[in-house]
Amino acid sequence: MARKALKLASWTSMALAASGIYFYSNKYLDPNDFGAVRVGRAVATTAVISYDYLTSLKSVPYGSEEYLQLRSKVHLRSARRLCELCCANRGTFIKVGQHLGALDYLLPEEYTSTLKVLHSQAPQSSMQEIRQIHDLFQSFDDTPLGTASLAQVHKAVLHDGRTVAVKVQHPKVRAQSSKDILLMEVLVLAVKQLFPEFEFMWLVDEAKKNLPLELDFLNEGRNAEKVSQMLRHFDFLKVPRIHWDLSTERVLLMEFVDGGQVNDRDYMERNKIDVNEISRHLGKMYSEMIFVNGFVHCDPHPGNVLVRKHPGTGKAEIVLLDHGLYQMLTEEFRLNYCHLWQSLIWTDMKRVKEYSQRLGAGDLYPLFACMLTARSWDSVNRGISQAPVTATEDLEIRNNAANYLPQISHLLNHVPRQMLLILKTNDLLRGIEAALGTRASASSFLNMSRCCIRALAEHKKKNTCSFFRRTQISFSEAFNLWQINLHELILRVKGLKLADRVLALICWLFPAPL
């Protein structure tokens, strides 16, 4: 018996040793890619985070100063654990973590600030894993220009001398994605049993719907061409051309375009690019996508939006990259969203309530308005275009994100699915504006209002057969746009501090009668 046990132990030791040598020598195999390891790590992390929330806050009076301080520490610990899980499991986990990190004004600051690093810390695939495409090029830069959750981008030169950017999908992402989403679904349902007020199934549903589209690079190429054609009237926008002859579902070749990230003020100052002009262009571009066309690029983090001076004209140009994730808005949603923003801009609170409720906000419409605008309810009532956001108000909003997290998660679970990516896009754009110091200018709201007026007028004209009625709608549209132009001119005069001079000139030209 002892001899059999010794023999079994010897064979087991030899098998383990051989496996260890094999894994060590074969860099293509990574223990992190094995299902049991990934599942075990995710389950353990979820259990530790849940236990921390259940036990750490139990003995402290709810709402007290001590409770708030302790809750902040628990948020931070949990966010760090979640970030470590995303980095270890990679792929889909990083993608979902990036989505959470973008929700600046919807989730506690401890989570968003911690998870933001996932935009710049995605792991690289080894060259052994992507070496099969090397022969297509005259030269291929092994060091990636950038690495994301699903792919990495290399600079290369084709045999005809053209310089291209090559986007290569991480080899194991496609195979792992469906299993990862199923795992997340199970874990979210388990957490909901412990914390019924937190409903994060919307996040899993979004990943389940969008990941297959993002993993199809041919779909990304089609999106790039569609948005380029759709916004061709903007001479400040550059969308790199796609090289279809060498592109597949897992490899996308496009024109190589260099530039600095859109939140890099130093780059803009060195290259004499006007920060305010870039911010205005970005607002125009996204207002056109959302309100007029209903086809929205939903991943505008700084790595996907570059700025440069056009080599020929010297004018500032925005380069839009990564077209894997777009949201197609239904006409009903788009028109309701237009009406809602018009109501918010012009402080029509009755219609703010009406159109918020049409978009699924119910009795939480004040919270919904605050989430959309990233302004306090007092500011929404006073008028979001009347005064820019202050540091105090910004801090208040971030603190409220923690206090109202159950209500926010409930709201996100009940609004139309289209709204989720719009909210993410809004927060990413606000993050860029905050980095540039151009956030919440009246000019940006006026550009939004122009697009809303055009979109609503176009819808009305499309649904009437009367020539007189169409003419009437066109006249009303032109008059409303003229009013906005006049309002903007007045704001510019005030901004240039010329108002007093103009008034003095008028008084001098037309003196009051004695």
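The rules behind the values
- Residues numbered from 1 in each chain as written.
- Predicted model: local features only at pLDDT ≥ 70, side-chain atom pairs only at ≥ 80, totals over all residues.
- Heavy atoms only, no water.
- Helix = DSSP H or I, 4+ residues; strand = E, 2+ residues; numbered from the N terminus.
- Buried < 20%, exposed > 50% of the residue type's maximum accessible area, 1.4 Å probe, protein only.
- Contact = heavy atoms within 4.5 Å.
- Areas by Shrake-Rupley, 256 points an atom, 1.4 Å probe, with all protein chains shown as cover.
- Pairing = 2+ DSSP bridges.
- Patch = residues over 30% accessible without salt bridge, like charges linked within 9 Å, V, L, I, M, F, W, Y side chains within 5 Å.
- Salt bridge = Lys/Arg side-chain N within 4 Å of Asp/Glu carboxyl O.
- Core = buried A, V, L, I, M, F, W, Y, C linked by side-chain atoms within 4.5 Å.
- Expected span 1.5 Å × (residues − 1).
- Phe/Tyr/Trp six-rings, centres within 6.5 Å; stacked < 30°, edge-to-face > 60°.
- Lys NZ or Arg CZ within 6 Å of the ring centre and 35° of its normal.

Trainee: Can you help me understand the overall build of the protein chain in this one?
Mentor: Helix and strand content of the protein chain: 21 helices and eleven strands. Out of the 514 residues in the protein chain, the part that is buried amounts to 49%. Sequence-distant contacts in the protein chain: of pairs separated by 6 or more residues, those separated by 24 or more amount to 68%. Surface exposure of the protein chain reaches about 26,300 Å², of which carbon and sulfur atoms provide 58%.

Trainee: Honestly, the sheet that holds strand S7 (residues 260–261) in this entry has me stumped. Any pointers?
Mentor: Two pairing modes exist for strands in a sheet, parallel and antiparallel, and in both the strands are linked by backbone hydrogen bonds. Strand order across the open sheet formed by four strands is S5-S10-S9-S7, with mixed pairing between neighbours. Either end of the sheet is taken by a strand with one partner, and the two such strands are strand S5 (237–238) and S7. Where strand S9 (residues 305–309) lies against strand S10 (residues 316–320), five bridges are found, and the strand directions are antiparallel. Residue pairing in the sheet places Arg-308 in a bridge with Glu-317 of S10.

Trainee: Can you help me understand a nonpolar patch on the surface in this one?
Mentor: There is a patch of nonpolar side chains on the surface, built from Phe-475, Phe-479, Trp-482, Leu-486, Leu-489 and Ile-490 and spanning about 640 Å² of accessible area. Its location among the elements puts Phe-475 in helix H20 (residues 467–495).

Trainee: Explain unusual backbone geometry to me, please; I cannot follow it from the model alone.
Mentor: Generally, phi is negative for residues other than glycine and the peptide bonds are trans, each holding for most cases. Of note in this structure, Lys-272 is not a glycine but carries a positive phi near 55°. Tracing the backbone through its elements, the reader meets Lys-272 in the loop between helix H10 (265–270) and helix H11 (275–293). Notably, Thr-347 is not glycine yet its phi reads approximately 55°, a positive angle. One can find Thr-347 in the loop between helix H12 (331–345) and helix H13 (349–358). With relative accessibility at 26%, the residue Thr-347 sits in the partly exposed group.

Trainee: Even after reading the chapter, I still don't get the nonpolar core, so can you show me in this structure?
Mentor: In globular proteins that are soluble, nonpolar side chains generally tend to be buried together. Ranked by internal contacts, the top residues of the largest apolar core, which has 112 residues, are Met-285, Tyr-337, Trp-341 and Met-419. Grouped together as the second largest cluster of nonpolar side chains are ten residues, Phe-140, Leu-158, Val-251 and Leu-253 included.

Trainee: I tried to follow H11 on my own but got confused; where do I start?
Mentor: Because the α-helix completes a turn every 3.6 residues, residues three or four places apart line up on one side. If you check H11, its first and last C-alpha atoms are 26 Å apart, about what 19 residues at 1.5 Å a residue would give, namely 27 Å. Those residues of H11 lying buried are Val-275, Ile-278, Ser-279, His-281, Leu-282, Met-285, Tyr-286, Ser-287, Glu-288, Met-289, Ile-290 and Phe-291. Positive phi shows up at Gly-294, right after H11, with a value of about 65°.

Trainee: Would you take a moment to explain the packing of aromatic side chains for this structure?
Mentor: Two numbers describe a pair of aromatic rings. These are the distance of the centres and the angle of the planes. Applying the stated rule across the entire model yields nine aromatic pairs. Both rings, one in Phe-137 and one in Phe-140, keep their centres 5.5 Å apart while their planes meet at 45°; by these two values the pair is tilted. Relative accessible area serves as the criterion here: at 6%, Phe-137 is assigned to the buried category. With centroids separated by 4.9 Å and ring planes inclined at 25°, the aromatic side chains of Phe-234 and Phe-236 adopt a geometry described as stacked. Since its relative accessible area comes to 12%, Phe-234 is described here as buried. The ring centre of Phe-295 lies 4.1 Å from the NZ or CZ of Lys-226, which sits over that ring.

Trainee: I tried to follow the pattern of salt bridges on my own but got confused; where do I start?
Mentor: Should their charged atoms come close, side chains of opposite charge can pair. Applying the stated criterion to the full structure yields 25 salt bridges. Between Arg-265 and Glu-269 there is a salt bridge, with its nearest N and O atoms 4.0 Å apart. Linking Arg-265 with Glu-269, this pair stays in helix H10, spanning four residues, or about one helical turn. For Lys-462, the salt bridge is made with Glu-331, and the minimal N-O distance between the two is 2.8 Å. Highlighted residues: Lys-462 in helix H19 (residues 442–462) and Glu-331 in helix H12, separated in sequence by 131 residues. We classify Glu-331 as partly exposed; its relative accessible area is 34%. What emerges from the salt-bridge pattern is a single network uniting Lys-95, Glu-214, Asp-299 and Lys-424.

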